[in-house]
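Structural overview
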Amino acid sequence: MYRTALRNVLAHKARLLMTTLAVLLGTAFVAGTLVFTDTLGNAFRSQNAKSYTDIAVTISDHSAVSKGYDHGGGPADGPVLTEETRKAVAALPGAAEARGVVSGFAGIADKKGALIGDGFSTTGTNYVPGADGTDPRFPLVDGRGPRTSGEVALATRTAEKGGYKIGDTVRVAINGPVMELKLTGTVDTNDPRVVSGGSLAVFDTATAQQLYLSPGRYAEIDVKGKPGADDTALLAAVKQSFPEPDAFDARTGRELADEQDRMIAAGTKVLSGVLLGFAAISFFVGIFIIANTFTMLVAQRTKELALLRAVGASRKQITRSVLIEALLVGLTASVGGLIAGIGIATGLRALLNGPWEANLPEGPLVIAPSTVIGSVGVGVVVTVLAAWLPALRASRIAPVAAMSSVEQPATQKSLLVRNIIGLLFAAAGAAGLLGGAAGKEAKLVGLGAAALLIGTFVLTPLLSRPLIALFAPALHKLFGMPGKLARENAVRNPRRTAATASALTIGITLITALTVLGASVNKSVDESTASDRKSDYTVAMQNFSMLSPEVAGQIAKAPGVTAMSVKRTVPVKAVADGDTSYLTAVDAAAFDRLVNLKVTEGSADALKQGKLLSSVGYAERNRLKVGSTLDVTYPDGTRGTLTVGALVESNTEAAGLIAPDSLVGPHAMAGSGLDAVLVKGADGATAKFKQALRDATGGNPLITVKGEKEVKAESRQMVTDVLNMMYGLLGMSVVIAILGVINTMAMSVFERRRELGMLRAIGLDRSGIGRMVRLESLLIALFGGAVGVLLGIVTAWAGTRTMADSFKNMTLVVPPVQIGLFLVAAAVIGLLAALWPAFRASRLDILSSIKSE
């Protein structure tokens, strides 16, 4: 039987080609994901190790919050890291030197005024020269390090992106006015934020302390050990030198490196998990193709299998023979997929570091034994499991019945059992969707969608006849006899049609659901942006850090400003239980001119009366009502009593607790930042007014001025980026589904050679044969596409219900153009997939076809 299985694989290698490709692509997805994430993680770990090569111990002051990230939580309650601390640590036995570090963000404008980097990786730090005048963290490439407050050094990549040379004036900003500094040097760095496309500005230590903390204060002290010194002993000595046992956090460089390695591993694990999830979808699609292929092969070899049974082969041997064929196919395809996956990982890294400029760290390609075993093992197991049912059916064919029929139809009992199982799954899925939508439970919606999808797959043979029959009149009218024959062929074997269409349904279901959800989110954001705000522009930091309080004064002086309000987050602690709440402090006199407040209870003038506004949702969650009082402790340590004066509908600009800035602002710590500034102009949102606001902030490249159009466009771009990424990841499953259609049509042509020969003999010409095959493929693809679109819309509807609390007025939006394009794409897929099978069918020799078995 083993030789028989090998002979069958070699004899039917052409018919197994598409199945092999499907398994190969799925395995390549898995292998490529594992190789790429292992290689990426190894490169980041190697780079991370270099960052701690000369650090024996690091002392961190977690109370040192850089300016721009401070919500006014108050000063440090205990000791801080100062120059005296650094000198004391440097004098400890085993310490060679101690380096004080200060860091934060720093926006650098290029010569056109645009921000270099993306706002989230704009790094600023201090330059600490050693005895030779250089900082080993930042090897000099050109020039020298900064020495005064008017100087700065830039990373080489940053200087290149900005078009700067030594001696040029560089515009740098933190969260306030722009500084114009002289470029004294360019440096190298292995900071991953900079290497991956961010920017780096290096200041002298005094300037960095003034910008980020306060004069003489450090956020971190890095201690270098003497040759032969024990890091653990040095760590113990450092801790003993602290004024209080837990004054600071001190750890060895090895501990920090290990922690960073764990974080890198966690990050690559998440990335790997997401990619493997999409690989699983591709394999799931492939299961339909594999099962369909082996089902058709078994049907075409009915007489052969019957003869084996007649000469003594047992049912187990027949089953084992088919499974061995599947094993050989899966093993061959999986090895090919492993090789292809390694190539994909190599190409992806080159693409990211090339045209996409991701600047990932370099490192050797990592092909772990677990990757090889896992990738090949998954491919083989999936192939064998998918072929198990066809193998089981082959073993159950009675020898006499099999030798008298090409293919036995499914029994009424088997179809009934299948339909009952499908109905149970579909009912459970529908219940899950409805329950999840009602309870706003995303997990329940996901489980319901999966159950409904499986139920639909099981019921697809039952659904195929009536749905495909809808196209019958149009096909017969437009294409005549080929159209009628195509329709009859499509429903001749419902199980085969169902398996082929279902492979395409999976991808289209997911793509449709994502598209509808994206359109629904876009509409919600557009409507809430338009209805919630009266302000023309919002001034805020690009990286969501805090604006300097000075910015509010600058904006107030801009020409054309008729109303403005700060938005400041002020943390307060409840006197009763110490729980922290966050107040949004605003200008009481101007806020109602900038935000569309819909009061549901209480006074509309509550803010002007020195009282709080609470959104309805926040009030319900915290059992607040008009007249409720809150005894709180402010960040400066003083106590106060706040009274809820009104409840308002939550919107994008007014959520949670809103307080008059005149009441709570004075209790915020000096220098605490602003979340944003809302502004209204005399002539509305004009380009002139927007530029005036930009000019008022000194052209800080990190400060954004956004109006309604910009907010909508930014939201739409985020949704588009996510959808494009998802479309790309789902593309593999669609490609595999296309292979399934090609495979089914090609094997169907081989199976129906005698029938095709007879059609040619009674007058149907070559073009008619080809048209019949193409239309049959078109029907199957359209059937799968239509079912996928319907399932996607239903799933998206339930999904929008779960997002109702996150997006105001969230409703289902079905974009007709995109949905129409998906159906057109399904039709095109069907037509393209049939090109080769149709060509083969039209070129069959009449006599040899009629004589074939």
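Refer to the structure presented above.
Residues numbered from 1 in each chain as written. Predicted model: local features only at pLDDT ≥ 70, side-chain atom pairs only at ≥ 80, totals over all residues. Heavy atoms only, no water.

Considering all chains together, one arrives at 19 salt bridges under this definition. Lys567 serves as the salt-bridge partner of Glu653, at 3.2 Å between the closest nitrogen and oxygen. Here Lys567 lies in strand E16 (residues 561–574) and Glu653 lies in the loop between strand E21 (639–648) and strand E22 (657–660), a separation of 86 residues in the sequence. The class for Lys567 is buried, based on a relative accessible area of 13%. Within this structure, Asp249, Arg251 and Glu259 form a network of salt bridges that share partners. (Salt bridge = Lys/Arg side-chain N within 4 Å of Asp/Glu carboxyl O. Helix = DSSP H or I, 4+ residues; strand = E, 2+ residues; numbered from the N terminus. Buried < 20%, exposed > 50% of the residue type's maximum accessible area, 1.4 Å probe, protein only.)

The buried count for strand E6 (residues 122–127) comes to six of six residues, which makes it a mostly enclosed element. Where strand E4 (residues 103–105) meets E6, three bridges bridge the pair, whose relative direction is antiparallel. If you follow Gly104 over to E6, its bridge partner there is Gly124. Summarising the sheet, E6 and strand E11 (residues 199–204) pair through six bridges and their orientation is parallel. When the bridges of E11 are listed, Tyr127 appears paired with Asp204. (Pairing = 2+ DSSP bridges.)

Attention shifts here to the packing of helix H26 (residues 766–802) against helix H28 (residues 835–842). One can describe the packing of H26 onto H28 by two numbers: an axis separation of 8 Å at closest approach and a directional angle of 150 degrees. Here H26 lies roughly antiparallel to H28, going by the angle between them. At the point where H26 passes H28, the crossing takes the right-handed sense. Residues Arg766, Ile769, Gly770, Val773 and Arg774 of H26 lie in contact with H28, whose contacting residues are Leu835, Pro837, Ala838, Ala841 and Ser842. Taken together, the residues that form the contact of H26 with H28 break down as six nonpolar, two polar and two charged. (Axes fitted to C-alpha atoms, helices over the stretch in contact; angles between N-to-C directions. Parallel < 35°, antiparallel > 145°, perpendicular 65-115°, else oblique. Left-handed = near helix turned anticlockwise from the far one by under 90°. Contact = heavy atoms within 4.5 Å. Nonpolar A, V, L, I, M, F, W, Y, C, P; charged D, E, K, R; others polar.)

Taken by themselves, the reported measurements are silent on function.
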